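Listed below, chain by chain, are the residues.
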Amino acid sequence: MTKGYTGVQSPAIYVQQVCKSYGTKRKPLVVLDKLDMTVPRGVIYGLLGSSGCGKTTLINCIVGLQKVDSGTVTVLEESPAVNKEMAFMPQEIALYKEFSIRETMKYFGWIGGLDTTEIGQKLEFLAKLLAIGDLDEKVKNLSGGQQRRVSFATALLQDAKLLVLDEPTVGLDPVLREIIWNHLVYMTKSQKVTVVITTHYIEEMRQANIIGLMREGYIVAEESPNKLLSKLEVYTLEHAFLKLSILQSEASSWKKHELCDIAKHRFRFGSSRRKEDFPKNRVRHARAEFQSHNHLKAILWKNLLWMIRNLALMASIILLPAVIIALFCVSYGHQPYNFDISIINHETNVTNCDNLDCHSNILSCHYLKYLRTKSINLVYVGTEERATELLRQGRTYASVIIHHNYSEALKSRTQQFIHTEMWDIDYSSIEVINDVSVSVIRDFIKKSMYDSLNEYLSDFSKSCNDTSKILSLPILWKTPIYGILDVNYTDFSGPGITLTLIFTFSAAMSACSLLIERNEGILERSLIMGVKGIELLVSHILCDGGVVICQILLLLVCGFVIFGLTLKGSVVLVFLLCLLTGFCGMSFGYALSSVLEDETAAVHIVTGLSTPLGMQRILRVFASFFPLTVATQSMRSILQRGWSLSEPQVYYGFAYMSVLSLVFLAVSISCLKFKNRL
Ligand SMILES: Nc1ncnc2c1ncn2[C@@H]1O[C@H](COP(=O)(O)OP(=O)(O)OP(=O)(O)O)[C@@H](O)[C@H]1O
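Residues numbered from 1 in each chain as written. Predicted model: local features only at pLDDT ≥ 70, side-chain atom pairs only at ≥ 80, totals over all residues. Heavy atoms only, no water.

(A) Structural detail: helix α13 (residues 406-416). Turning to α13, its buried residues number three or more, namely Y406, S407, A409, L410, K411 and S412. Considering only its buried residues, α13 is in contact with α11 (363-372), β12 (398-402), α14 (422-427) and α15 (439-463). F417, located one to two residues past α13, shows a positive phi value of around 50°. (Buried < 20%, exposed > 50% of the residue type's maximum accessible area, 1.4 Å probe, protein only. Helix = DSSP H or I, 4+ residues; strand = E, 2+ residues; numbered from the N terminus. Contact = heavy atoms within 4.5 Å.)

(B) Representation of the pairing of strand β1 (residues 13-23) within the structure. With five bridges joining them, β1 and strand β4 (residues 70-75) adopt antiparallel strand pairing. For Y14, the partnering residue across the bridge sits in β4 and is T74. As defined by bridge partners, β1 adjoins strand β2 (residues 28-39) across eight bridges and the pair is classed as antiparallel. Along β2, the bridge assignment pairs G23 with P28. Linkage of β1 to β2, two consecutive antiparallel strands, is achieved through a turn of four residues. (Pairing = 2+ DSSP bridges.)

(C) Quick peek at the site of the ligand. The full set close to the ligand counts 14 residues, and S51, G52, K55, T56 and T57 are the nearest of them. At 2.9 Å from an oxygen atom of the ligand is found a main-chain nitrogen or oxygen belonging to G52. A distance of 3.0 Å separates an oxygen atom of the ligand from a polar atom in the backbone of G54. Taking 630 Å² as the accessible area of the ligand by itself, protein coverage stands at 61%. Secondary structure elements with two or more residues in the shell around the ligand: β2 and α1 (55-63). (Near = heavy atom within 4 Å. Polar contact = N/O pair within 3.5 Å; in protein donor to acceptor, adjacent residues only side chain to side chain. Areas by Shrake-Rupley, 256 points an atom, 1.4 Å probe, with all protein chains shown as cover.)

(D) Structural detail: the sheet that holds strand β8 (residues 210-215). Strand order in the open sheet formed by six strands is β5-β6-β7-β3-β8-β9, and the pairing between neighbours is mixed. On the outer flanks of this sheet lie β5 (86-89) and β9 (218-223), each paired with one strand and no other. Each strand axis lies, on average, 15° off the axis of its neighbour in the sheet, ignoring direction. Sheet topology note: the strand β3 (residues 44-49)/strand β7 (residues 194-198) ladder contains four bridges and is parallel. Among the inter-strand pairings, G46 is bridged to a residue of β7, identified as I197. (Axes fitted to C-alpha atoms, helices over the stretch in contact; angles between N-to-C directions.)

(E) Summary view of the UniProt feature "transmembrane region" (unreviewed entry) in the protein. Here, the residues flagged by UniProt with the feature "transmembrane region" (unreviewed entry) are residues 311-333, 537-565, 571-592, 618-639 and 651-672. With 90% helix and 0% strand, residues 537-565 has its two end C-alpha atoms placed 35 Å apart. Between the C-alpha atoms that bound residues 571-592 there is a distance of 31 Å. The span itself is 100% helix and 0% strand. (UniProt positions renumbered as here; feature names shortened; annotations may be inferred.)

Written out as structure tokens, the structure is:
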């Protein structure tokens with residue numbers, strides 16, 4: 001709040017020694033250089049300057065969208081960031097393209113504290129004034145000039161004491177420009193509204209009460225149009241601007257700050273008042289009570305309307321995780337089947353043998369019969385060369401070679417045991433050459449061959465009346481404590497995939513929803529109109545949360561009810577963990593959107609964070625800090641072990657996701673604060 005004004009009413013805007021630069025410390029681009037500006041109340045202040053001289057930057061500092069590097073900006077006796085009596089029309093359109101004009105006005109009217117009837121009345125008046133046609137037309141279907149008029153009407157809607165307009169008349173025809181100017185003059189005279197306006201149509205500024213001419217980072221002249229013309233002895237404002245530019249250039253041999261001082265002394269005819277000259281801050285304006293519930297209502301309504309208008313997009317966002325889990329359940333993690341392996345059986349051509357017999361000379365045929373039961377297609381080929389060719393062409397996954405005297409050698413091996421001759425060991429061994437590029441099939445072939453060999457040898461022993469089971473492999477797999485004996489990749493990967501889908505979709509959705517709103521300038525517009533960052537976050541959490549809940553329910557129904565993923569524990573715990581993961585994802589998305597500038601970067605980071613780091617030793621250390629690692633272990637324990645919340649591995653997941661959510665929310669809130677947006 002400004003202090004120390006005496007004698008006259010405090011100005012609407014008071015900018016003192018403001019500096020602002022972009023770029024780096026080493027290579028700064030100085031845009032505002034110790035700039036002073038005074039806008040008295042109830043006037044139209046026209047800000048003129050060449051393109052790129054810093055008008056928008058100055059206006060952004062006045063409305064609180066950008067922080068100044070040094071100096072002070074006071075707006076209606078308050079800091080710009082907290083002022084709620086100001087309306088702003090940015091240079092860009094900053095409207096929801098999918099909304100109709102009426103809906104746009106309803107949203108901004110509610111934000112501005114108006115009720116629906118008041119909005120209707122004002123809209124009728126503004127539509128007539130600005131020649132806005134069909135109020136039910138969507139903004140995206142309007143021409144550039146029409147959109148600008150709607151944007152202008154939005155700024156006029158809320159009865160603000162201060163109107164800041166960045167090029168409101170661009171692209172409008174002269175008649176409409178005159179109507180707008182007349183209305184601005186009327187507002188300043190009858191309602192004591194203060195208007196700050198920038199425009200490229202210099203002659204328009206004749207109707208302004210004060211013109212601020214900006215050049216090279218500061219205001220070189222601040223005067224009424226008539227006085228400016230008479231003091232510079234020119235007839236048009238164009239000439240005045242040119243003359244001032246020339247006069248200032250003449251002084252360019254002086255050092256920058258000296259130039260700055262000279263220019264100010266030479267041309268700041270009317271604004272030599274100092275801060276101390278203004279009256280003391282006697283009476284604070286009776287400001288409308290901050291209507292938090294109105295803001296929440298408006299933002300919730302707007303978000304829901306946006307979702308309805310983008311139904312196809314919303315449907316795909318809600319359905320996609322369920323579709324992905326369905327595809328995963330259908331196509332991944334099952335035992336592979338119906339693939340070919342080549343068989344080169346040098347012992348026999350018989351492919352269809354009878355029951356296993358202790359005296360059989362075609363034991364290889366019997367073994368292959370057992371192997372066939374493992375849903376592998378056996379392709380009999382004549383030569384090893386042909387088998388290798390098929391393997392190289394990718395038409396088979398393995399070549400199985402059986403020697404010509406396999407049966408004899410095997411019998412000898414089983415009878416002689418440790419006294420077996422070397423050649424019997426060689427001939428009784430089945431050789432396998434396989435394609436290991438597809439690890440799932442490689443593992444399946446290995447397991448199938450071991451299992452069928454074990455079953456076949458056991459039956460062979462029985463057929464020889466040997467009950468010693470000496471031929472069985474010396475390892476016995478008992479009933480597992482958790483899970484099922486057969487390898488089931490679907491159940492193993494299911495929890496990770498489920499949580500990854502929930503986290504990434506909610507993070508990407510929440511990051512994009514805020515970033516799109518911010519990049520279109522709509523977020524800033526709402527914040528300037530008094531919406532608090534926290535209200536914005538709450539309303540987004542409620543809307544995005546609804547979408548995330550729908551996603552989770554569909555995903556769980558799809559995974560567990562339709563595709564039967566193993567669920568031994570509490571379904572409530574599973575749902576709660578999914579919900580917490582979704583909330584953590586949303587918080588992460590909001591944190592990203594408060595520090596990043598565009599959606600692509602946010603999506604890349606979200607995708608990167610969900611990348612599985614696998615079993616590599618060092619990467620596993622990093623992976624253990626990733627949000628999804630701990631949660632996945634927790635989920636797997638609930639699903640497959642049936643553990644409850646009392647088990648550490650389960651409650652770690654809940655605790656970790658809760659802590660992370662709070663950290664991400666704190667980051668988003670503090671970053672918004674840092675950016676002057678709370
Ligand atoms: N975010 C930013 N980062 C870096 N440079 C910027 C940024 N915004 C503006 N600038 C630079 O600051 C200078 C002033 O820009 P600004 O938009 O304030 O000018 P302006 O007077 O409003 O121009 P115009 O009349 O064309 O809208 C320009 O050189 C611009 O390139």
